[in-house]
Amino acid sequence: MESITQRLLTKAFGRPSGLLGRLGGRLMAHGNAATELHAVALAEPGEQDVVLVVGPGPGVGLEAAARRCAHVIGVDPSGVMLAMARRRCASPIARGRLHLAAGSAARTGAADAAVDVVISVNNLQLWPDVPAGLTELHRVLRPGGRLLLAAHEKWLPADLTTLANMVRVAGFDPVRTCTWDPPGRMASTAAILSAVRL
Ligand SMILES: C[S@@+](CC[C@H](N)C(=O)[O-])C[C@H]1O[C@@H](n2cnc3c(N)ncnc32)[C@H](O)[C@@H]1O
């Protein structure tokens, strides 16, 4: 059974909802910003690339992606996070560069092979079925499309080598992994996995 602590953490960060979710969103917008920006920089999306951001939360990475690319889609299962992202990204949304929708890693709503780059930061550990999520991201990426996954190393659902193998099995190659330390004494190490869809 889920403990009270787990339930509070889910409300604040895992599937943010209500007041706690809004508070969690503010904390994440500050605390995870460096990793969100680093992930977008590593993925190197081009102006004409279609970019899918999975689980963007309050939208820091989304906003950065929409500064570089004309076609950005963000999907998140949390209505509170979608509302925060909508506020942060009001300008690119109004300019038609960014589209937000309810969705998850396993149900993105994107068409087959419609996406050039997928970026997911700090939500891999929340996917209820990692292989199902990877299968979906493989489906929506075009051949040669790029996948960039980043998550707090300490909260990974499996070790990085095991995850890399799961990504290979889902139809990606090459798959590269590394870790990265965001600036700041309190920041936690990010595990990063980048891969190309076969
Ligand atoms: C810990 S927050 C991270 C938000 C943001 N990417 C960041 O790093 O600050 C996790 C986000 O993933 C979303 N999420 C939860 N389950 C998900 C799933 N199965 N697929 C995609 N996103 C999910 C949550 O709603 C939340 O917005």
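Reading guide: rules and limits
- Residues numbered from 1 in each chain as written.
- Predicted model: local features only at pLDDT ≥ 70, side-chain atom pairs only at ≥ 80, totals over all residues.
- Helix = DSSP H or I, 4+ residues; strand = E, 2+ residues; numbered from the N terminus.
- Buried ≥ 20, exposed ≤ 12 C-beta atoms within 10 Å, placed from the backbone.
- Contact = placed C-beta atoms within 7 Å.
- Near = placed C-beta within 6 Å.
- Nonpolar A, V, L, I, M, F, W, Y, C, P; charged D, E, K, R; others polar.
- Core = buried A, V, L, I, M, F, W, Y, C linked by C-beta atoms within 7 Å.
- Pairing = 2+ DSSP bridges.
- Axes fitted to C-alpha atoms, helices over the stretch in contact; angles between N-to-C directions.

S.K.: When you look at the overall build of the chain in this model, what are you seeing that I'm missing?
M.R.: Within the chain, the secondary structure is distributed over eight helices and seven strands. The C-alpha extent of the chain, read off along each of the three principal axes, is 40 × 40 × 35 Å. Sorting the 198 residues of the chain into buried and exposed places 44% on the buried side. Contacts in the chain between residues at least 24 apart in sequence constitute 68% of all its contacts with a sequence separation of at least 6.

S.K.: Mind showing me how you'd approach the site of the ligand here?
M.R.: Neighbouring the ligand are 22 residues, the closest being Asn 32, Gly 55, Gly 57, Ser 78 and Asn 123. Tallied by class, the residues present in the shell around the ligand amount to eleven nonpolar, eight polar and three charged.

S.K.: Would you take a moment to explain helix H3 (residues 33-43) for this structure?
M.R.: The α-helix advances 3.6 residues per turn, and as a result positions three or four apart in sequence lie on the same side. Residues of H3 that are buried include every one of Thr 35, Glu 36, His 38, Ala 39, Val 40 and Ala 43, and no others. Buried positions along H3 lie against helix H4 (60-68), strand S4 (115-121), strand S5 (141-152), strand S6 (172-180) and strand S7 (190-197). Among the residues trailing H3, Glu 44 stands out with phi positive, at a value near 50°.

S.K.: What exactly am I supposed to notice about the environment of Gly 144 here?
M.R.: Among the secondary structure elements, Gly 144 is positioned in strand S5. With 9 C-beta atoms counted inside 10 Å, the residue Gly 144 sits in the exposed group.

S.K.: Honestly, the nonpolar core in this entry has me stumped. Any pointers?
M.R.: As a rule of thumb, soluble globular proteins bury nonpolar side chains together. The biggest cluster of nonpolar side chains holds 51 residues, and the ones touching the most others in it are Val 51, Leu 52, Ala 65, Val 72, Val 118, Ile 119 and Ala 150. Counting residues per element, this core draws most heavily on S5, at six residues. Those residues within four positions of Val 118 in sequence are excluded, and the remaining contacts are Leu 52, Val 54, Leu 137, Leu 141, Leu 147 and Leu 148.

S.K.: It is not clear to me how unusual backbone geometry should be interpreted in this structure. Could you clarify?
M.R.: Trans is the prevailing form of peptide bonds, just as negative phi is the prevailing case for residues other than glycine. A cis amide bond links Asp 173 with the next residue in sequence, Pro 174, at an omega value of 0°. Here Pro 174 is to be found in strand S6. The residue Ala 113 is not glycine, and still its phi comes out positive at about 50°. Here Ala 113 shows up in the loop between strand S3 (98-102) and S4. A count of 14 C-beta atoms within 10 Å places Ala 113 in the partly exposed class.

S.K.: Would you explain the sheet that holds strand S1 (residues 50-54) in this entry?
M.R.: Each strand in a sheet pairs with its neighbour through backbone hydrogen bonds, running either in the same direction (parallel) or in the opposite one (antiparallel). Spatial ordering of the open sheet is given by S3-S2-S1-S4-S5-S7-S6, a layout of seven strands whose pairing is mixed. Whereas interior strands pair on both sides, the edge strands pair on one side only; in this sheet they are S3 and S6. When the angles between neighbouring strand axes are averaged without regard to direction, this sheet yields 15°. Where helix H5 (residues 79-88) meets the sheet, it contacts strand S2 (71-76) and S3, and its direction lies at approximately 170° from that of S3.

S.K.: Help me understand helix H7 (residues 130-140), please; the structure alone is not making it clear to me.
M.R.: Those residues of H7 that fall on the buried side of the exposure criterion are Gly 133, Leu 134, Glu 136, Leu 137, His 138 and Val 140. Where the residues of H7 are buried, they touch S1, S4, S5, helix H8 (160-169), S6 and S7.

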